[in-house]
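Structural overview for review
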Amino acid sequence: MIEIKKNPNGDSRTAIKGISFEHFCDARNMHSNDVKAVMHELSMVVDKVGEFHDYTAKSQARMFYRDFLDVQKMVRFLRMANGISFMLKRNATTYFQIVQMT
């Protein structure tokens, strides 16, 4: 969890006027450290999400490959049909929906 302390001088647009250079530097450093902490936490979340990306593709590889082949068959069939523009949209499950483009 990130703890960000109140920093009235952290933003130059709203900082108290007439502060010393030392207070200005302290506030700037405090703000910089807060941003670093937030970015670190965000990177940890992204790392965790990355570990589970395409989990089904790995744990259910045969099913995923079978679905992939089925989609490729649909793509080839639709390309053979004259004048149909289409795109594949992946829905909430592992199935695809064919959408005709106008």
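How each quantity is defined
- Residues numbered from 1 in each chain as written.
- Predicted model: local features only at pLDDT ≥ 70, side-chain atom pairs only at ≥ 80, totals over all residues.
- Heavy atoms only, no water.
- Helix = DSSP H or I, 4+ residues; strand = E, 2+ residues; numbered from the N terminus.
- Buried < 20%, exposed > 50% of the residue type's maximum accessible area, 1.4 Å probe, protein only.
- Contact = heavy atoms within 4.5 Å.
- Areas by Shrake-Rupley, 256 points an atom, 1.4 Å probe, with all protein chains shown as cover.
- pLDDT = per-residue confidence, 0-100.
- Patch = residues over 30% accessible without salt bridge, like charges linked within 9 Å, V, L, I, M, F, W, Y side chains within 5 Å.
- Salt bridge = Lys/Arg side-chain N within 4 Å of Asp/Glu carboxyl O.
- Expected span 1.5 Å × (residues − 1).

1. Observations concerning the overall build of the protein chain
- Each helix and strand counted, the protein chain has three helices and two strands in total.
- What you see in the protein chain, going N to C, is helices and strands ordered as α-α-α-β-β.
- Sorting the 102 residues of the protein chain into buried and exposed places 12% on the buried side.
- For the protein chain, the proportion of contacts with a sequence separation of at least 24, taken over those separated by at least 6, is 27%.
- Surface summary for the protein chain: the accessible area is close to 9,000 Å², and the carbon and sulfur share equals 59%.

2. So, the confidence of the model for the protein chain
- Across the protein chain, the average pLDDT comes to 77, with 74% of residues at or above 70.
- Averaged pLDDT values for the elements of the protein chain fall to 55 in strand S2 (residues 96-100) and rise to 88 in helix H1 (residues 21-52).

3. Observations regarding a nonpolar patch on the surface
- A cluster of nonpolar side chains, namely Ile2, Ile4, Val35, Val38, Met39, Leu42 and Val46, defines an oily patch on the protein surface of about 570 Å² accessible area.
- With respect to the secondary-structure elements, valine 46 resides in helix H1.

4. Digging into the environment of isoleucine 16
- Its location among the elements puts isoleucine 16 in the segment before H1.
- When neighbours within four sequence positions are excluded, isoleucine 16 is seen to be in contact with Pro8 and Asn9.

5. Comments concerning H1
- Between its terminal C-alpha atoms H1 stretches 47 Å, which fits the 46 Å expected from 32 residues at 1.5 Å a residue.
- The complete set of buried residues in H1 reads Cys25, Ala27 and Asp34.

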